[in-house]
Amino acid sequence: PDQYVVLCAHYDARPGPTGNAPAADDDGSGVCAVLDAARVLRDVPFAYSIVFALWDEEEFGLVGSAFYAGAMAANDELIRGVINMDAIAYDGNGDTKARIHTRPIANSFEVADSVFAMRDHYNIDLDLLLTNPGATYSDHASFWNEGFGAVLVIEEFTGDGNPHYHTPTDRVQYFDVP
């Protein structure tokens, strides 16, 4: 139907102060999650159409997602919710903490509740922390700007920031794969 759920990540990288960043965690990890979700869910019927989206130029002003969200709003399209995954593979201290960023915009709290419910239903070993008001530095904010409900799923940067973030050492070898 003409109602959409968006599962997204960004594929661009920001050059670090000492050279190019390979962007394995930020945001190759989110890209892999979206691609794997598309693989797993491709034949599953849903009540809403699922958009598996990979944006360009998140690192330079949310350009790709802002264009898409703006076009959807301009065409009065109905987005039921957006789940943006950005930097989801680093956990240096093994505490399994991750953050869900939300704001009181449209049905963002309900989208966040759905993420928690999925974690519980599938027994995913993550200690999810709700952040409200959520940060606006990733692609979910483009949807908030257009009045759509959205959340950001991201690793815990506050107490366990990835030391390889935006550096030439942002590589898969530093992932916490489980």
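You'll find the structure just up there.
Since the structure is predicted, the reported quantities are computational estimates derived from the model, not experimental observations. (Residues numbered from 1 in each chain as written. Predicted model: local features only at pLDDT ≥ 70, side-chain atom pairs only at ≥ 80, totals over all residues. Heavy atoms only, no water.)

Trainee: Hey, could you run me through the overall build of the protein chain in this one?
Mentor: Scanning the protein chain from N- to C-terminus turns up 4 helices and 6 strands. Each helix and strand of the protein chain, ordered N terminal to C terminal, gives the series β-α-β-α-β-β-α-β-α-β. Against the compact-globule benchmark of 16 Å for 178 residues, the protein chain has a radius of gyration of 16 Å, which places it among compact chains. Relative to its full complement of 178 residues, the protein chain shows a buried share of 43%. By sequence separation, contacts in the protein chain at least 24 residues apart represent 81% of the contacts at least 6 residues apart. As displayed, the protein chain offers around 9,100 Å² of accessible surface, 55% of which is attributable to carbon and sulfur atoms. Each charge class in the protein chain can be summarised by its mean position, and for the 9 positive and 28 negative side chains these summaries are 3 Å apart. (Helix = DSSP H or I, 4+ residues; strand = E, 2+ residues; numbered from the N terminus. Rg over C-alpha atoms; globule rule 2.2 N^0.38 Å. Buried < 20%, exposed > 50% of the residue type's maximum accessible area, 1.4 Å probe, protein only. Contact = heavy atoms within 4.5 Å. Areas by Shrake-Rupley, 256 points an atom, 1.4 Å probe, with all protein chains shown as cover. Lys, Arg positive; Asp, Glu negative; His and termini not counted. Charge placed at Lys NZ, Arg CZ, Asp CG, Glu CD.)

Trainee: Would you take a moment to explain the pairing of strand β5 (residues 127–131) for this structure?
Mentor: Taken residue by residue, a regular strand's side chains alternate between the two faces of the sheet. In terms of strand pairing, strand β4 (residues 97–101) meets β5 through 5 bridges, oriented parallel. Looking across to β5, one finds that Ala 98 is bridged to Leu 128. The parallel pair β4 and β5 is bridged by helix α3 (residues 108–121), and the resulting crossover is right-handed. (Pairing = 2+ DSSP bridges. Right-handed = clockwise from strand over helix to strand, strands pointing away.)

Trainee: Even after reading the chapter, I still don't get the side chain of Thr 102, so can you show me in this structure?
Mentor: For Thr 102, the location among the structural elements is in the loop between β4 and α3. Every residue in contact with Thr 102, bar those within four places of it in the chain, is listed here: Ser 108, Phe 109, Ala 112, Leu 130, Thr 131, Asn 132, Pro 133, Gly 134, Trp 144, Ala 150 and Val 151.

Trainee: Just checking my understanding: could you explain the packing of aromatic side chains for this structure?
Mentor: The description of two aromatic rings rests on the distance between their centres and on the angle between their planes. A full pass over the atoms with the stated rule returns 5 aromatic pairs. Plain terms: the ring middles of Phe 157 and Tyr 165 are 5.5 Å apart, the flat faces sit at 70° to each other, and that makes the pair edge-to-face. Given a relative accessible area of 27%, Phe 157 falls into the partly exposed group. Relative accessible area serves as the criterion here: at 38%, Tyr 165 is assigned to the partly exposed category. The structure contains a cluster of three or more aromatic residues connected by ring pairs, namely Trp 55, Tyr 68, Phe 143 and Phe 148. (Phe/Tyr/Trp six-rings, centres within 6.5 Å; stacked < 30°, edge-to-face > 60°.)

Trainee: Help me understand helix α1 (residues 24–41) in this model?
Mentor: The periodicity of an α-helix, 3.6 residues per turn, causes residues three or four positions apart to be oriented the same way. Helix length check: α1, at 18 residues, gives a terminal C-alpha distance of 24 Å against a target of 26 Å (1.5 Å per residue), a fit within 8%. Along α1, the residues that are buried comprise Ala 24, Asp 25, Asp 26, Asp 27, Ser 29, Gly 30, Val 31, Val 34 and Ala 37. (Expected span 1.5 Å × (residues − 1).)

Trainee: How do you make sense of the sheet that holds strand β3 (residues 78–85) when you look at a structure like this?
Mentor: Strand pairing in a sheet relies on backbone hydrogen bonds, with the paired strands running either antiparallel or parallel. Spatial strand order, β2-β1-β3-β6-β4-β5: 6 strands in an open sheet with mixed pairing. The open sheet has two free edges, formed respectively by β2 (49–55) and β5, since each of these has just one partner strand. With direction set aside, neighbouring strand axes in the sheet form an average angle of 20°. Strand contacts of helix α2 (residues 63–74): β1 (3–10), β2 and β3, with the helix running at about 145° to β2, the strand carrying the most contacts. (Axes fitted to C-alpha atoms, helices over the stretch in contact; angles between N-to-C directions.)

Trainee: I would appreciate a short explanation of the pattern of salt bridges in the present structure.
Mentor: Two side chains that carry opposite charge are able to pair once their charged atoms sit near each other. Taken as a whole and judged by the stated rule, the model has 5 salt bridges. A salt bridge links Asp 127 to Lys 97, with the nearest nitrogen and oxygen atoms 2.7 Å apart. Taken together, the positions of Asp 127 in strand β5 and Lys 97 in strand β4 put the pair 30 residues apart, joining distant regions of the chain. The partly exposed category is assigned to Asp 127, whose relative accessible area is 29%. A residue is classified by how much of its surface remains accessible, and Lys 97, at 28% relative accessible area, is partly exposed. For the salt bridge of Asp 120 with Arg 119, the shortest nitrogen-to-oxygen distance reads 2.7 Å. Classification of Asp 120 as partly exposed rests on a relative accessible area of 46%. For Arg 119, a relative accessible area of 18% translates into the label buried. (Salt bridge = Lys/Arg side-chain N within 4 Å of Asp/Glu carboxyl O.)

Trainee: What exactly am I supposed to notice about the environment of Ala 135 here?
Mentor: For Ala 135, the location among the structural elements is in the loop between β5 and α4 (140–145). Look at Ala 135 and you get buried, because its relative accessible area is 17%. Along the primary structure Ala 135 and Phe 157 are separated by 22 residues, whereas in three dimensions their C-alpha atoms are 12 Å apart. Apart from the residues lying within four places of it in its own chain, the contact partners of Ala 135 are His 101, His 140 and Trp 144.

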